Amino acid sequence: MDVSGAGGWDEAPWKKLCAEELEKQYTPSKWTVRLGAEETLKTFSQIGSQATSKARATRRSQLHVPYGDGKGDKIDIYFPDVASEAWPFLVFVHGGYWQYGSKDESAFMVNPLTAQGVAVVVVAYDIAPKGTLDQMVDQVARSTVFVQKRYPCNEGIYLCGHSAGAHLAAMMLLTNWTKHGVTPNLRGFLLISGIYDLEPIVSTSVNAPLHMTLEGARRNSPQWHLEAAPVKPADPACPVLVIVGQHDSPEFHRQSREFYQTLCTRGWKASFEELHDVDHFEIIWNLTQEDDVLNQVEPWPFPLVAAIHSGQHGPFSPIEFEEGSF
Ligand SMILES: N[C@@H](CC(=O)c1ccccc1NC=O)C(=O)O
């Protein structure tokens, strides 16, 4: 079955899928190739918890810092050894289909990145059923603004999200910061195995605790916003890296590719990368490994963040961002 191809809005390829196939396309654990679904989910959670314990035990940190008045408005901040506040910040938004996961098991990249001089912020937001999509989007915006206000000398804020977290991070491309009183110094977006059009999941089991209407799905779809009323990049030089794993489902591939293509046509400095031989979960848990090939090779953005920041590319070559049309 082929769900690829950049169809227009009306002829969206997912509309041709039966309910069962749609459900499968949007169940990432059904596409893993090494471990079974359950074991993969268990391992993902274990690696995330271990990485978080290690980060909290070995790195200087401030945990559960409130970025707002809500009980769930909390971030963890992990610092590099260098005594400065002028670090680059990587703000990570965890995934879990907006209904599971937490910052307390999501500090995957903290040790490798803080060792390279990058401060890492792991964001908590109110997952469903407590939180709605609109609230989660607002929480991520407020947490980013909080980082900017608290560290005005930052050397750039890099927003990184995984899966549903990539969706929340991508919504920040469309955020009007005026009401927040400050525009964060956003210098890059790293969108990993994300969903950018929520309409296909309205009729899947993912939506059971979310209660999204079609209108709500569109309101919270960066793909829809970019197509319907193209938002001009606030900073056209800000790179957006759209990354998908080789063993993500065809629908996840389609979503990433179409979002990347739309970003390009709307003037964003977007880049697309399919990471070889990793699934939806390995793509993130590999980030715990400082010497993992994924942390060294040219397309991988994390070391690049540090390299761009320091003006040196060290062992990493600079990314060639594709410009304009395609
Ligand atoms: N129930 C899903 C789990 C899932 O989608 C997921 C799990 C952890 C982190 C991210 C995920 N997906 C999107 O946010 C599955 O079985 O694949």
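What counts, and where the lines are drawn
- Residues numbered from 1 in each chain as written.
- Predicted model: local features only at pLDDT ≥ 70, side-chain atom pairs only at ≥ 80, totals over all residues.
- Heavy atoms only, no water.
- Near = heavy atom within 4 Å.
- Polar contact = N/O pair within 3.5 Å; in protein donor to acceptor, adjacent residues only side chain to side chain.
- Areas by Shrake-Rupley, 256 points an atom, 1.4 Å probe, with all protein chains shown as cover.
- 1 Å grid on protein atoms, 1.4 Å probe; cavity = no way out; pocket = protein on both sides within 12 Å on 5 of 7 lines; lining within 4 Å.
- Sits in = over half its atoms within 2 Å of the grid points.
- Buried < 20%, exposed > 50% of the residue type's maximum accessible area, 1.4 Å probe, protein only.
- Helix = DSSP H or I, 4+ residues; strand = E, 2+ residues; numbered from the N terminus.
- Pairing = 2+ DSSP bridges.
- Core = buried A, V, L, I, M, F, W, Y, C linked by side-chain atoms within 4.5 Å.
- Contact = heavy atoms within 4.5 Å.
- Salt bridge = Lys/Arg side-chain N within 4 Å of Asp/Glu carboxyl O.

- In the annotation of an unreviewed UniProt entry, the protein chain is listed under the name Kynurenine formamidase isoform X4 and assigned to Castor canadensis.

Some thoughts on the site of the ligand
- Around the ligand, the structure places 14 residues, and the nearest of them are Ser29, Gly96, Tyr97, Tyr100 and Ser163.
- Contacts to the ligand include Ser29, whose side-chain N or O atom sits 2.6 Å from an oxygen atom.
- Interatomic distance of 3.1 Å between a backbone N/O atom of Ala164 and an oxygen atom of the ligand.
- A total of 410 Å² of accessible area belongs to the ligand in isolation, and the protein chains cover 88% of it.
- According to the grid-proximity analysis, the pocket containing the ligand is the largest pocket.

A closer look at the pairing of strand β4 (residues 119-123)
- With respect to burial, β4 is a largely interior element, five of its five residues being buried.
- In β4, alternate side chains face the same way, and those of Ala119, Val121 and Val123 on one face and Val120 and Val122 on the other are all buried.
- When strand β2 (residues 74-79) meets β4, the two strands line up antiparallel, connected through four bridges. Each residue of the ladder has a partner; that of Tyr78, found in β4, is Val120.

Here we look at the nonpolar core
- One finds Trp98 and Leu191 to be the most contacted residues of the largest nonpolar core, which totals 64 residues.
- Ignoring any residue separated from it by four or fewer positions in sequence, one finds Leu191 in contact with Gly161, Ala166, Ala169, Ala170, Tyr196, Val240, Leu241, Val242, Ile243 and Phe259.
- By size, the runner-up hydrophobic cluster in this structure holds 27 residues, among which are Met109, Tyr158, Leu241 and Ile243.

Thoughts on the pattern of salt bridges
- By the definition in use, this model includes 17 salt bridges.
- Of the charged contacts in the structure, one is a salt bridge between Glu282 and Arg34, with a shortest N-O distance of 2.8 Å. Linking Glu282 in helix α9 (residues 282-285) with Arg34 in the loop between α1 (19-25) and α2 (37-58), this pair joins segments that are 248 residues apart in sequence.
- Glu282 sits in the buried class, given a relative accessible area of 7%.
- Since its relative accessible area comes to 45%, Arg34 is described here as partly exposed.
- Asp138 is paired through a salt bridge with Lys179; the nearest N and O atoms lie 3.6 Å apart. One end of the pair, Asp138, is in helix α4 (residues 133-150); the other, Lys179, is in the loop between α5 (164-171) and β6 (186-192), with 41 residues separating them in the sequence.
- Given a relative accessible area of 26%, Asp138 falls into the partly exposed group.
- Through salt bridges with shared partners, a single ionic network connects Arg56, Asp76, Lys103 and Asp104.

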